[in-house]
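Observations on the three-dimensional arrangement
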Amino acid sequence: MDSLKELLAMKLPVLSEWGWMSNPASGYANDFNSVFYFLMWTGLGLFLLVVVPMVWFVIKYRRKHESQKALSQNDHNIKIEVIWTFLPIAYLAVCFIWGFLGYLNVSTMPMGAKNLRVIGQKWNWTVQYPDEDISVSGQGAVIGVPQGENIQLTMSSQDVIHSFFLPNFRIKQDVLPGRYTTLWFNASEVGEFPVFCAEYCGDSHSNMLAKVKVMPKDEYNAWVDGIKNANNKLSPKELGAKLYQSKACVTCHSIDGSARIGPSFKGVYGTTSELASGAKVKVDDNFIRDHVLTPTKTPIKGYPPVMPSFQGQLSESDINGLIEFIKSLK
Amino acid sequence: MSAPGKNYLNCKKGFASWALTLDHKRIGLMYLGSIMFFFLLGGLFALLLRTELLSPGHTIMDAKRYNQLFTLHGAIMVFLVIIPGIPASLGNFALPLMLGAKDVAFPRLNLLSYYIYVLGAIVALGSLIVGAVDTGWTFYMPYSSTTDGGVVLMVTAAFILGFSSIFTGLNFIVTTHKLRAPGMSWYRMPLFVWGIYATGIIQIMATPVLAITLLLLIVERVVKVGIFDPVLGGDPVLFQHFFWFYSHPAVYIMILPGMAVISELIAVFSQKRIFGYKPIAYSSIALAVLSFLVWGHHMFVSGQSELVGMIFSVLTFLVAVPSGVKMFNWLATMHQGSVSLKTPMLWALGFFVLFAIGGITGVFLGVLNVDVHLHDTYFVVAHFHYVMVGGTFMAFMGGIYYWWPKMTGKMYSEFWGAASAIMVVVGFNLTFFVQFLMGAQGMPRRYYNYLDQFTIYHQISTVGSYVLGLGFVMALITLLVSLKNGKTAPKNPWHGASLEWTHTDAVPIETNFREQPVVTEGPYEYR
Ligand SMILES: [Cu+2]
Ligand SMILES: [Cu+2]
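Note that residues are indexed from 1 along each chain, following the sequence as it is written. By the order in which they are written, chains take letters starting at A while ligands take numbers starting at 1. Thresholds applied to this predicted model are a pLDDT of at least 70 for local features of residues and 80 or more for the giving and counting of side-chain atom pairs; totals over whole chains, interfaces and linings are not thresholded and use all residues. Excluding hydrogens and water, the side-chain values take into account all heavy atoms of the structure.

Here a strand is any run of E in DSSP of at least two residues, a helix any run of H or I of at least four, and the numbering for each starts at the N terminus. Counting secondary structure elements, chain A contains eight helices and twelve strands. What the globule rule says is 2.2 Å times the number of residues to the power 0.38, and the radius of gyration is computed from C-alpha atoms. The C-alpha atoms of chain A give 28 Å as radius of gyration, which overshoots the globular expectation for 330 residues (20 Å, by more than 25%). Considering only C-alpha atoms, chain A reaches an extent of 90 × 55 × 35 Å along its principal axes. Note on areas: these come from Shrake-Rupley sampling with a 1.4 Å probe, and a residue is covered only by the protein chains present in the view. Accessible surface computed for chain A: about 15,100 Å², of which carbon and sulfur atoms make up 59%.

Note on definitions: a residue-residue contact is assigned when non-hydrogen atoms from the two residues lie within 4.5 Å. Taken residue by residue, the interface counts 91 residues in chain B and 84 residues in chain A. Buried area: the sum, over both parts, of the accessible surface (1.4 Å probe) that disappears when the two are put together. Carbon and sulfur atoms make up 66% of the area that chain B and chain A hide from each other, which totals about 7,600 Å². Throughout this description, the term salt bridge denotes a Lys or Arg side-chain nitrogen within 4 Å of a carboxyl oxygen of Asp or Glu. If you look at where chain B meets chain A, you find four salt bridges. A salt bridge links Arg179 of chain A to Asp235 of chain B, with the shortest nitrogen-to-oxygen separation between them at 3.3 Å. Broken down by secondary-structure element, the contributors of at least two residues to the side of chain B that touches chain A are helix 3 (63–82), helix 6 (143–146), helix 9 (236–270), helix 11 (306–334), helix 12 (343–366), helix 13 (368–374) and helix 15 (414–441) of chain B. Counting residues per element, the side of chain B that touches chain A draws most heavily on helix 11 of chain B, which supplies 13 residues. Polar here means any residue other than Ala, Val, Leu, Ile, Met, Phe, Trp, Tyr, Cys and Pro, which are nonpolar, and Asp, Glu, Lys and Arg, which are charged; Gly is therefore polar. Of the residues in the side of chain B that touches chain A, the class split is 52 nonpolar, 27 polar and twelve charged.

Here we take up the sheet that holds strand 9 (residues 191–197) of chain A. All names here are of chain A. Pairing is mixed in the open sheet, where five strands are placed in the order 4-10-9-6-7. Where the open sheet ends on each side, the last strands, each with one partner, are strand 4 (141–146) and strand 7 (171–175). Direction aside, the axes of adjacent strands within the sheet are offset by 25° on average. The pairing of strand 6 (residues 162–166) with strand 7 spans five bridges and is classified as antiparallel. In the sheet register, Phe165 faces strand 7, and the bridge partner there is Lys172. Its contacts with the sheet place helix 4 (residues 217–233) against strand 4 and strand 10 (210–215), and it is angled at close to 140° to strand 4. Pairs of strands are assigned from DSSP output, requiring at least two bridges between the strands. Structural elements are reduced to axes, namely lines fitted to C-alpha atoms, with helices fitted over the stretch in contact, and the angle between N-to-C directions of any two is expressed from 0 to 180 degrees.

All names here are of chain A. Most of strand 10 is tucked away, with five of its six residues classed as buried. The sheet contact formed by strand 9 and strand 10 spans five bridges and is antiparallel. In the strand pairing of strand 10, Pro194 is matched with Lys211. Type-normalised accessible area, obtained with a 1.4 Å probe on protein chains alone, sets the label of each residue: buried when under 20%, exposed when over 50%, and partly exposed for intermediate values.

Pairing between the strands of a sheet is mediated by backbone hydrogen bonds and can be parallel or antiparallel. Residue and element names in this part refer to chain A. Strand order across the open sheet formed by five strands is 3-2-1-5-8, with mixed pairing between neighbours. Every interior strand has two partners, whereas the edge strands, strand 3 (134–137) and strand 8 (181–186), have only one. Strand after strand, the sheet turns through a mean of 25° between neighbouring axes, direction not considered. Inspection of the sheet shows strand 2 (residues 124–129) paired to strand 3 by four bridges, in the antiparallel sense. Bridge pairing links Tyr129 to Ile134 in strand 3. Helix 4 contacts strand 1 (114–121), strand 2 and strand 3 of the sheet and is inclined by roughly 85° relative to strand 3.

All names here are of chain A. Donor atoms (N, O, S) are those found within 2.8 Å of the metal centre, with the cutoff raised to 3.2 Å for Na, K and Ca; water is not part of the atom list, so apparent gaps in a site can occur. For the copper ion (ligand 1), the protein coordination sphere consists of Cys197 (SG), Glu199 (O), Cys201 (SG) and His205 (ND1), at 2.1 to 2.6 Å. When four donors show all angles between 85 and 135 degrees the site is tetrahedral, when four or six donors have opposite pairs over 155 degrees and all other angles between 65 and 115 it is square planar or octahedral respectively, and in every other case it is irregular. Each of the four donor atoms around the copper ion (ligand 1) contributes to a set of angles spanning 87 to 129°, which defines the coordination as tetrahedral. Written as a sequence motif, the donor residues of the copper ion (ligand 1) are C-x1-E-x1-C-x3-H. Residue Cys197 shares its accessibility class with Glu199, and that shared class is buried.

Another point: the confidence of the model for chain A. Residue and element names in this part refer to chain A. Within a predicted model, pLDDT stands for the predictor's per-residue confidence, ranging from 0 to 100. Of the residues in chain A, 94% have a pLDDT of 70 or more, and the chain-wide mean is 85. Looking over chain A, one finds the lowest element-wise mean pLDDT in helix 1 (residues 2–9), namely 53, and the highest in strand 6, namely 93. In this model residues 12–19 is a low-confidence stretch, pLDDT under 50, and it forms 28 contacts with partners more than four residues away in sequence or in other chains.

Another point: empty space enclosed by the protein. Over the atoms, a rolled probe matching the size of one water molecule traces out where space is still vacant. All names here are of chain B. Of the two site types, the cavity is a set of points on a 1 Å grid over the protein atoms alone where a 1.4 Å probe fits but cannot get out, and the pocket is an open set with protein on both sides within 12 Å along at least five of seven lines, each lined by residues with an atom within 4 Å of a point. Grid points are joined across faces, edges and corners, and a volume is the space filled by probe spheres set on the points. Enumeration over the complete set of coordinates arrives at six cavities of 30 Å³ or more. Its volume calculated, the largest cavity comes out at about 100 Å³. What lines the largest cavity is Phe79, Ile83, Pro84, Tyr117, Ala158, Leu161, Gly162, Ser164, Ser165, Thr207, Leu210 and Tyr246. Looking at the lining of the largest cavity, the elements with two or more residues in it are helix 7 (151–178) and helix 8 (191–223). Looking at the lining of the largest cavity residue by residue, the class counts come to eight nonpolar, four polar and no charged. Volume-wise, the second largest cavity comes out at about 60 Å³. Taken together, Ala75, Ile76, Phe79, Leu80, Ala124, Met154, Ala157, Ala158 and Leu161 make up the full set of residues lining the second largest cavity.

Bringing helix 12 of chain B into the picture now. Helices are assigned an expected span. That span is 1.5 Å times one less than the residue count. Along its 24 residues, helix 12 of chain B runs 34 Å from first to last C-alpha, staying within 8% of the 34 Å computed at 1.5 Å per residue. A large share of helix 12 of chain B lies buried, amounting to 23 of its 24 residues.

This part takes up the pairing of strand 6 of chain A. Residue and element names in this part refer to chain A. Of all five residues in strand 6, five are buried; the element is thus mostly enclosed. Side-chain alternation along strand 6 places His162, Phe164 and Leu166 on one buried face and Ser163 and Phe165 on a second face that is also buried. Counted between consecutive antiparallel strands, the loop separating strand 6 from strand 7 contains four residues, among which Arg170 sits at a positive phi close to 60°. Relative to strand 9, strand 6 runs antiparallel, the two sharing two bridges. The residue bridging Phe164 from the neighbouring strand is Cys197, located in strand 9.

It is worth spelling out a nonpolar patch on the surface at this point. Residue and element names in this part refer to chain B. Each patch groups residues whose relative accessible area exceeds 30% and which form no salt bridge, using 9 Å between like charges and 5 Å between nonpolar side chains of Val, Leu, Ile, Met, Phe, Trp and Tyr. On the surface, Ile422, Val426, Leu430, Ile456 and Ile460 cluster together into a nonpolar patch covering about 400 Å² of accessible area. Sort the elements by how many residues they give to the nonpolar patch and helix 15 lands first, with three residues. Mapped onto the secondary structure, Ile456 falls in helix 16 (residues 455–485).

Right, let's talk about the confidence of the model for chain B for a bit. Interpretation of this model should avoid reading the predicted coordinates in detail wherever pLDDT is low. Mean pLDDT over chain B: 89, with 99% of residues reaching 70 or higher. Among the scores for the predicted complex, ipTM is 0.90 and pTM is 0.86.

To continue, consider the side chain of Thr408 of chain B. Residue and element names in this part refer to chain B. Within the fold, Thr408 resides in helix 14 (residues 378–408). Within polar-contact distance, the side chain of Thr408 engages the backbone nitrogen of Lys410 at 3.2 Å. With residues near it in sequence (within four places) discarded, Thr408 still touches Leu9, Leu483 and Val507. As used in this structure description, the phrase polar contact means that two N or O atoms lie within 3.5 Å; if the pair is within protein, one of them must be able to donate a hydrogen and the other to accept it, and residues adjacent in sequence are counted only when both atoms belong to side chains.

Residues and elements named next belong to chain B. Orientation of helix 2 (residues 24–52) relative to helix 5 (residues 107–130), taken along the N-to-C sense of each, is 15°, at an axis distance of 10 Å. Compared by their axis directions, helix 2 and helix 5 come out roughly parallel. Here helix 2 runs over helix 5; the crossing is left-handed. On helix 5, the residues that touch His24, Ile27, Met30, Tyr31, Ser34, Ile35, Phe38 and Leu41 of helix 2 are Pro107, Asn110, Leu111, Ser113, Tyr114, Tyr117, Ala121 and Leu125. Across the contact of helix 2 with helix 5, the residue classes tally to twelve nonpolar, four polar and no charged. In these notes the angle categories are as follows: under 35 degrees is roughly parallel, over 145 is roughly antiparallel, 65 to 115 is roughly perpendicular, and the rest is oblique. Crossing chirality is assigned from the near helix's rotation relative to the far helix, an anticlockwise turn below a right angle marking it left-handed and a clockwise turn marking it right-handed.

Here we take up the pattern of salt bridges. Within the structure shown, the criterion is met by 16 salt bridges over all chains. The residue Glu149 of chain A makes a salt bridge to Lys217 of chain A at a minimum N-O spacing of 3.0 Å. With Glu149 of chain A in the loop between strand 4 and strand 5 (150–157) and Lys217 of chain A in helix 4, the pair connects residues that are 68 residues apart, well separated along the chain. Since its relative accessible area comes to 41%, Lys217 of chain A is described here as partly exposed. Across the pair Asp203 of chain A and Lys64 of chain B runs a salt bridge, and its minimum N-O distance is 3.9 Å.

Written out as structure tokens, the structure is:
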């Protein structure tokens, strides 16, 4: 999986300032940094406020001989109790309000944003572009977006909970099965930024990576055309090979006979497989088609029933392509 | 009445005298031994995990094994170590002594809760035989209804352990109400008792919710009734609400006893009346109450509504206030004291520094939009380790060292005790501080594989974890060695002023006190 290796080697460009945070890639991320640095510096102040006196008292009032008594037994002072109860409340109120305003900003979807649909599944992201009628998917998928436009993601999951995390944009949102959640951003910087899955989802959770590629508008248009053309020019077998990668069949099925989570595709076409029910079926065009669309109907014996359904994600020609591809693996 | 020279350790001999004992002190020691065993096991898993993370991708194990190990590490440390931790061991040993009671209110229930704990532990380990669980200790749905392995067994174990926790809490609450010595008014109780009492309230009120949640999960997995899994028509976010409704209060089941120990240590080792007794006592109760109202802060990005997120953020900040109050009062206690740096105090000072960091980074996470970025990253991992290990566990170690002479009649080596406390603090910061940096930069948690750029942070963290592990092992060896070679402990080595020091033998007799103590003043009157 070279795309993955390449992805892991990519850098979140780190801001020079203190080397603390990764580069902000949107106006919002800049606002975020102000809150974060405010918390960091005031937090450091608070820390010193308790630790410096502690060290000082330890040194100053250190017991020097066994029978040394305390200098006083003073054990209360209402005034000071009131101060250290209410002063923190004022500080926390500032933190709360600032954070709340930022949160409103993240969670209020802007009007007229460009809508992308995101589908999470074990263990890759699919992003559909309704306006352009294209989609990208697979581990390491490149999600192109135009610079300076509001982008809204409408997200759902095929299986378990995932979470779409864009560190450079300082946003994340859980992606749930059976309901839509939304997220938006407006990329101010051109560049490539990683996408992580932040909600634990099983074996390859940490490989559930993609990247957002922010491009100026004209470059973006060219990118869209590139994807359209590439798909038209492929032979069915080539299309299948591509889908094998991009739809992540590769995470569960090998093509060299080695074992992964599911059976290898090598030489499987035309053989007979045993279902969990004990029935025998011939692996032919119809079987593959059914199994890809509704895998739970015909689970193969001896494997965990974890294959997701690809219903609605594959066009007729995609399915044909996959079948031709599997057929070709003798 | 016990003859001179007899104490609770040597009055009866043989396996049965321990296995069937109703003595709260012996039960406390049995808990202590079991908890330390699981601590070492959970710690070993942690070191394996850290070793795996030395390099991205495969280092010593595959992804599946890694996921199973972090689940085990979390589940063991939470359910078998930190939740029972201080209350079941130190609380059992010291609470009745501090109150001037002969035993807890229900000694048989106390023994039963120990065996329930053992049963829970066995069932938890039994899940390893069926197939190790890889859900994470949080069992999030629908993942945990779809993955294989002994999820049902592991969940059953947590369910069983819940009962042990409820019984212990109940016992302490009744003991505190009913068995105080004559003259021991509420405000003459040591603050340790207040802390354990507040913990007891949470234990009996929150744990049943966990039990119900886990039961529902089992029902869903086994009978396929749709509760949490959307495929069956359920709601996965509902599971998170249920789960955190228990598990956030559980955070206070973990930290309140730690704070309770620290109140004792700071006062005794400063030989000064505790500053702000009532504010500290009330802040424990406030924390117990507030802890029920903040569970939603674990779910700011789960898809819950913005209004709900806002309310939980406000409530979460309120929790910071009582914690701060305690810190400031401890500081004021040291002011003008006679501060001794004996080993228990070193643990307490370590607590002070680490818990301060844990608390302050908690504020980051309470700030709504900052949490959106930091949620489920290493920042959170670092934060809760600072609170749970840097806070609770440091206090636990401090408490063990503090009461060790009373438990065993032996003094340990000051040098090795101090050296291991320092080593733990150094190792701890090495391990976890870099995790704040990684997390802020976006390194998600529960990642087997990671971007190359994080390698150096992970390596520092791993080296730190070896130092940390060594520190803890040294601390335990120091104690064990003292059993053999330690000097005989005097009756009151730290000049404590609470009943367990002033009114008992060097090692207490089976019924604790030779005559009923009568209390005429507070627990912090040093002279
Ligand atoms: Cu994931
Ligand atoms: Cu919480």
